[in-house]
Amino acid sequence: MLQKIRDLWNNPTSMKARRYANVIYDVSWNVLLLTIISVVLIGFLGAGIGVGYFASLVKDMPTPAYKTMTSQINTYTSTSNIYFGSGERIGNYTTDEVRIPIPVEKVSPYVVDALLATEDVEFYEHDGVVPKATLRAILQEATGSEDRTGGSTLTQQLIKNQMLTNEVSFERKAKEILLALRLEKAMDKDEILNAYLNVVSFGRNSMGRNISGIEAAANGVFNTSAEKLTLPQAAFLAGIPKNPFFYTPYYQGGVIKEDVSGAVNRMKTVLNRMYVAGKITQEEYDAAYNYDITQDFMKTQSKPRDKYPYVIDEAELQTRQIVTDYLIKQDGINVNDLEPKELKEIESSYAKRAHNMLRQGGFNIHLTLDKKIHEAMQQPAKNAGNFGPNQYVKENDKTYPEQTSSIMIENKTGKVLGFVGGRYVNGKPDDLNRAFYANRQIASTAKPILVYPNAIEAGLITPATVVVDEKYSYQLTGPGQDEKPVSNEGGNFRGPVTVREALKLSLNVPAVKIYEEHNQKYADTKKLVDMGIPVSEVNRNASSMALGVGEVTPVKLASAYAMLANYGEHVDPYLVERIDYQGETIYEANPKKTRIYSDRTSYLVVDMLRDVFTSGTATYANSLFNVPGDWIGKTGTNNDRKDSYLIGSNPEVTLAVWSGYDTQLATMQNGNGYGQYYQRTQRIWSETMNLAYAANADAFNVNARFKQPSSVTAKDFKDSGSFSEKKKVEEKEKEEEEKKKEEEEKKREAEEAKEEAEEKKQEAAADAAAKKKAEEEARAKAEAEAKKKAEEEAKKKAEEEAQQETEQPAEENADSDGA
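Residues numbered from 1 in each chain as written. Predicted model: local features only at pLDDT ≥ 70, side-chain atom pairs only at ≥ 80, totals over all residues. Heavy atoms only, no water.

Focus: the overall build of the protein
Okay, step 1: The helix and strand tally for the protein stands at 27 helices and 23 strands.
Okay, step 2: For the protein, the residues scored as buried account for 44% of the 819 residues in total.
Okay, step 3: Within the protein, contacts between residues separated by at least 24 positions form 71% of all contacts whose residues are at least 6 apart in sequence.
Okay, step 4: Here the protein displays about 42,900 Å² of accessible surface, and carbon together with sulfur accounts for 50% of that area. (Helix = DSSP H or I, 4+ residues; strand = E, 2+ residues; numbered from the N terminus. Buried < 20%, exposed > 50% of the residue type's maximum accessible area, 1.4 Å probe, protein only. Contact = heavy atoms within 4.5 Å. Areas by Shrake-Rupley, 256 points an atom, 1.4 Å probe, with all protein chains shown as cover.)

Next up, the structure:
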């Protein structure tokens, strides 16, 4: 066809035809030329208008310095993590977004290839913007096209996330383009990619929390690190940023979606783009394409607070206070120069700032807790069988269960190794951490830390000092107050007892007598204050402090007994070991140490407290106790059995256990198959110790023993004190000795009278026997004589008869002769 046209043009059939042809050519060329010129002019005009419009959009935007841009791009929230003292991660500080920064060098190459093939295939070639992609995106936006291919490079996405908003407008897009071009000059490609990998959203994790950054995504979806992601896992995650909350496999509560086909299809799209880009082979593509990625999804995970509620709450509370103090100090504010109102305002403001920093600043919070010990301690609190028959009481329409709390402290350091904030009712805890915040009367547990050690240091008593346990009353605090009788559990009095016996059996009268005779109540209670135990002004001079009317939390009570195990040195207990921020340790615990009692005093109390387990008030606990070693302990019960305690220590650790009700109007009940109230407390203590020892025996150092210091002498174990009842006891003993002698004399006289009566009785019996014998002998003799006489008479008669028989024949013969 073209050849025919060419031939016709070169060889026209007529001049007229050629003339028409020339006219058509000239007109066509001029029209074409005019069209080209018009298009060029319109193009320049459009470009000018576009440039002008672009300039108008960004005219008010200040041009940031490179350093400012770099800082802003690399400033992103980072989750603060909380760790056990034994190194295991507990979880993160409570926040709406989880992010774990990671350098791009530690990210799986599959992730980088997948993201670039999907989001920005020309990343390493462009200067921050791909014009054709941007123009295409603008036209799609302007025409309202449903087919949106996207035009943002990774650099632009990073700018949008870190420096701009998610607003959909040409102005925001224009600023994004300008800033992206500038950012490419401020940072190299790897730095931009590193920031992007730590900023981009990946939807939700298996706890239902928002996750940002590839490491948090790998952890939260596949329970692995970004470094170990497989090809299908990397492709799956790389597909999420396009629409995070559509492609994420989890609902808000961390439950896996019923239908994840959209996300799986997105993964296959990513794999296809990786293959097309030459990043993976056909074999890799096929294997990943057919892989069931759903089998790698993490099952729904409980949030850290669900598993460790008391730990997370207390760690956050204490950490927030520590960071608040740190910020105030950093700003050079001297809190001692502030008025109370101003101080309160300052602390409130800085506390909010500290909270925000902890939620977003990437702190690492290291606690003292031993994971194995802490988890083992929870088990007795979850056993409903460890609580009494009246497990629930009502007060003002509110139900209170029988409760417990416990805490274990490392004696020498003050570290909290584990604690129980409360009982798990129906498997769930409540909001009150009783181990740290329940102030309750400590009852007889006050005696070894207040009464006896102060009296020993004053030379008033020794363990062998004898005190009379008898009816006794003390004066109530305040003018015009009546006396209050002191009673023992069970209502019995034992008379003279040694201090050792009184402490072992937790007798009240001896403790009050000694406390009153020492008569240094204010100074004595100062020792409690020095250990962090608050004492009201009323109680500073109250005799009832000897019986434990003062209130204290379990953590402080445990630290007081750890003081005895430390030979008199108190170490403040603490939970937060260290806080790191941006590679720097901003806080490290340095607990205050205070000498409370001498090593001599402490050891004498320790030696007495050994008896509590072996033959005193904690023998029931001892019968259930399986942990070897040198143990001391003390029980405590206040009036009406509202609170029950057992504290026990060896040279290494101290465990304090409390049982009772949150309402102080309720009384712990006995019986009905649950045992005595104190048995429940002691059972929890023993079970807790047994389980904790089984979990980590090394923490107990059971081979250690309380060693007698050189300051203790043999005299200290004799009754060498100045206690005033010593003479009274001696007189009482003398009186009892005389009474004993009188009783013995009466007994002797009674025995002599009894013997004399017995002798007379025996003599009478002998006389009667002799008389009877004589009578029997006389009777026997008479009978013998009568028998003899009868025999003689019979013999004589027989002889006479025989003689007669002899004489009769002679007579008969005589008669015959005569006839």
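With respect to the pattern of salt bridges
Okay, step 1: Scanning the model with the defined rule gives 23 salt bridges in all.
Okay, step 2: With its nearest N and O atoms 3.1 Å apart, the salt bridge here joins Glu 97 to Arg 99.
Okay, step 3: Residue Arg 99 is classed as buried on the basis of its relative accessible area, which comes to 6%.
Okay, step 4: In this structure, Asp 716 and Arg 600 form a salt bridge, with 2.9 Å as the shortest nitrogen-oxygen distance. A residue pair is termed long-range when its members are at least 10 positions apart, and Asp 716 in the loop between helix H26 (677-695) and helix H27 (725-818) and Arg 600 in helix H24 (residues 599-615) qualify at 116 residues. (Salt bridge = Lys/Arg side-chain N within 4 Å of Asp/Glu carboxyl O.)

Topic: the packing of aromatic side chains
Okay, step 1: As enumerated under the stated definition, the model contains 19 aromatic pairs in all.
Okay, step 2: A centroid spacing of 6.0 Å and a plane angle of 75 degrees characterise the contact between Phe 222 and Phe 236, whose relative ring orientation is edge-to-face. Of this pair, Phe 222 sits in helix H9 (residues 214-222) while Phe 236 sits in helix H10 (residues 231-239), placing them 14 residues apart in sequence. This pair shows no difference in class: Phe 222 is buried, exactly as Phe 236 is.
Okay, step 3: By the ring-pair criterion, three or more aromatic residues cluster together here, those being Phe 613, Phe 625, Trp 631 and Trp 685.
Okay, step 4: Over the ring of Phe 123 we find Lys 189; its NZ or CZ atom is 4.6 Å from the centre of that ring.
Okay, step 5: Positioned above the aromatic ring of Phe 387, the side-chain terminus of Arg 423 is 4.1 Å from the ring centre. (Phe/Tyr/Trp six-rings, centres within 6.5 Å; stacked < 30°, edge-to-face > 60°. Lys NZ or Arg CZ within 6 Å of the ring centre and 35° of its normal.)

A word on the nonpolar core
Okay, step 1: Membership of the largest hydrophobic core comes to 112 residues, with the highest contact counts inside it found for Leu 367, Met 408, Phe 419, Ile 514, Met 689 and Phe 700.
Okay, step 2: When neighbours within four sequence positions are excluded, Met 408 is seen to be in contact with Ile 373, Met 377, Lys 415, Val 416, Leu 417, Gly 418, Val 653, Thr 654, Leu 655, Met 689, Ala 692 and Phe 700.
Okay, step 3: If you look at the next biggest cluster of nonpolar residues, it comprises 63 residues, including Met 69, Phe 123, Val 200 and Phe 297. (Core = buried A, V, L, I, M, F, W, Y, C linked by side-chain atoms within 4.5 Å.)

Quick notes on the environment of Val 467
Okay, step 1: Position of Val 467 relative to the elements: it lies in strand S12 (residues 466-469).
Okay, step 2: Setting aside chain neighbours within four positions, we find Val 467 in contact with Gly 495, Pro 496, Val 497, Val 499, Pro 510, Lys 513, Ile 514, Phe 723 and Glu 725.

Considerations on a nonpolar patch on the surface
Okay, step 1: Nonpolar side chains collect at one region of the surface, where Leu 317, Leu 432 and Tyr 437 lie side by side and expose about 250 Å² of accessible area between them.
Okay, step 2: Structurally, the position occupied by Leu 432 is in the loop between strand S10 (416-420) and helix H18 (434-437). (Patch = residues over 30% accessible without salt bridge, like charges linked within 9 Å, V, L, I, M, F, W, Y side chains within 5 Å.)

Structural notes on the sheet that holds strand S2 (residues 89-92)
Okay, step 1: Pairing is mixed in the open sheet, where five strands are placed in the order S2-S1-S6-S18-S19. Only two strands of the sheet have a single partner each, and these edge strands are S2 and strand S19 (584-588). Taking the axes of each pair of neighbouring strands and ignoring which way they run, one obtains an average angle of 20 degrees across the sheet.
Okay, step 2: Relative to S2, strand S1 (residues 81-83) runs antiparallel, the two being bridged by three bridges. The residue bridging Tyr 83 from the neighbouring strand is Arg 89, located in S2.
Okay, step 3: Contacting S1, S2, strand S6 (363-367), strand S18 (576-581) and S19, helix H15 (residues 309-330) crosses the sheet at an angle of about 60 degrees to S18. (Pairing = 2+ DSSP bridges. Axes fitted to C-alpha atoms, helices over the stretch in contact; angles between N-to-C directions.)

So, the side chain of Lys 634
Okay, step 1: Along the chain, Lys 634 turns up in strand S21 (residues 632-637).
Okay, step 2: There is a polar contact of 2.9 Å between the side chain of Lys 634 and the side chain of Ser 506.
Okay, step 3: Leaving out residues up to four positions away in the same chain, Lys 634 has contacts with Ser 444, Thr 445, Pro 448, Leu 503, Ser 506, Tyr 561, Leu 609, Val 612, Tyr 645, Leu 646 and Ile 647. (Polar contact = N/O pair within 3.5 Å; in protein donor to acceptor, adjacent residues only side chain to side chain.)

Examining a negative patch on the surface
Okay, step 1: On the surface, Glu 731, Glu 735, Glu 736, Glu 737, Glu 738, Glu 742, Glu 743 and Glu 744 cluster together into a patch of negative charge.
Okay, step 2: Assignment of secondary structure puts Glu 737 in helix H27. (Lys, Arg positive; Asp, Glu negative; His and termini not counted. Charge placed at Lys NZ, Arg CZ, Asp CG, Glu CD.)

Observations regarding the packing of helix H4 (residues 109-119) against H10
Okay, step 1: Put simply, H4 and H10 touch, their axes get as near as 9 Å, and they point 40 degrees apart. When the axes of H4 and H10 are compared, the pair comes out oblique. The way H4 lies across H10 gives a crossing that is right-handed. When H4 is examined against H10, the residues Tyr 110, Val 111, Ala 114, Leu 115 and Glu 119 are found in contact with a partner set consisting of Leu 231, Ala 234, Ala 235 and Ala 238. (Parallel < 35°, antiparallel > 145°, perpendicular 65-115°, else oblique. Left-handed = near helix turned anticlockwise from the far one by under 90°.)

What to know about the sheet that holds S10
Okay, step 1: Spatially, S10-S9-S23-S22-S21 is the arrangement adopted by the five strands of the open sheet, whose pairing is antiparallel. Looking along the sheet, the strands with just one partner apiece sit at the ends: S10 and S21. Between one strand axis and the next, the sheet turns through 5 degrees on average, direction left out of account.
Okay, step 2: The pairing of S21 with strand S22 (residues 643-649) spans six bridges and is antiparallel. Residue pairing for S22: Ile 632 is matched across the bridge by Ser 649.
Okay, step 3: Taken strand by strand, H26 contacts strand S9 (403-410), S21, S22 and strand S23 (653-660), and its axis lies near 35 degrees from that of S22.

With respect to helix H22 (residues 521-530)
Okay, step 1: Within H22, burial applies to Lys 521, Asp 524, Thr 525, Lys 527 and Leu 528. Down the axis of H22, the sector holding all buried residues measures 130 degrees, keeping them to one side.
Okay, step 2: Contacts made by the buried residues of H22 are with helix H19 (447-457) and helix H21 (508-518).
Okay, step 3: A positive phi of about 85 degrees marks Gly 532, the residue just after H22. (Arc of directions from axis to C-beta.)

A closer look at unusual backbone geometry
Okay, step 1: Unusually for a residue other than glycine, Asn 223 sits at a positive phi of about 55 degrees.
Okay, step 2: In this structure, Asn 223 sits in the loop between H9 and H10.
Okay, step 3: Accessibility expressed as a relative area gives 57% for Asn 223, which makes it exposed.
Okay, step 4: With a phi angle near 60 degrees, Tyr 567 is a residue other than glycine that sits in the positive phi range.
Okay, step 5: Mapped onto the elements of the fold, Tyr 567 is located in the loop between helix H23 (554-565) and strand S17 (569-571).

Considerations on H21
Okay, step 1: Taking burial as the measure, the eleven residues of H21 include ten buried ones, the bulk of the element.
Okay, step 2: Turning to H21, its buried residues number three or more, namely Asn 508, Val 509, Pro 510, Ala 511, Val 512, Lys 513, Ile 514, Tyr 515, Glu 516 and His 518.
Okay, step 3: Just downstream of H21, Asn 519 is the residue with a positive phi angle, here 55 degrees.

A word on the environment of Gln 157
Okay, step 1: Position of Gln 157 among the secondary structure elements: in helix H6 (residues 154-162).
Okay, step 2: Under the relative-accessibility criterion, Gln 157 is labelled buried at 14%.
Okay, step 3: Sequence separation of Gln 157 and Val 200 is 43 residues, and the distance between their C-alpha atoms is 8.4 Å.
Okay, step 4: The residues touching Gln 157, leaving out its near neighbours within four places in the chain, are Glu 119, Ser 152 and Tyr 196.

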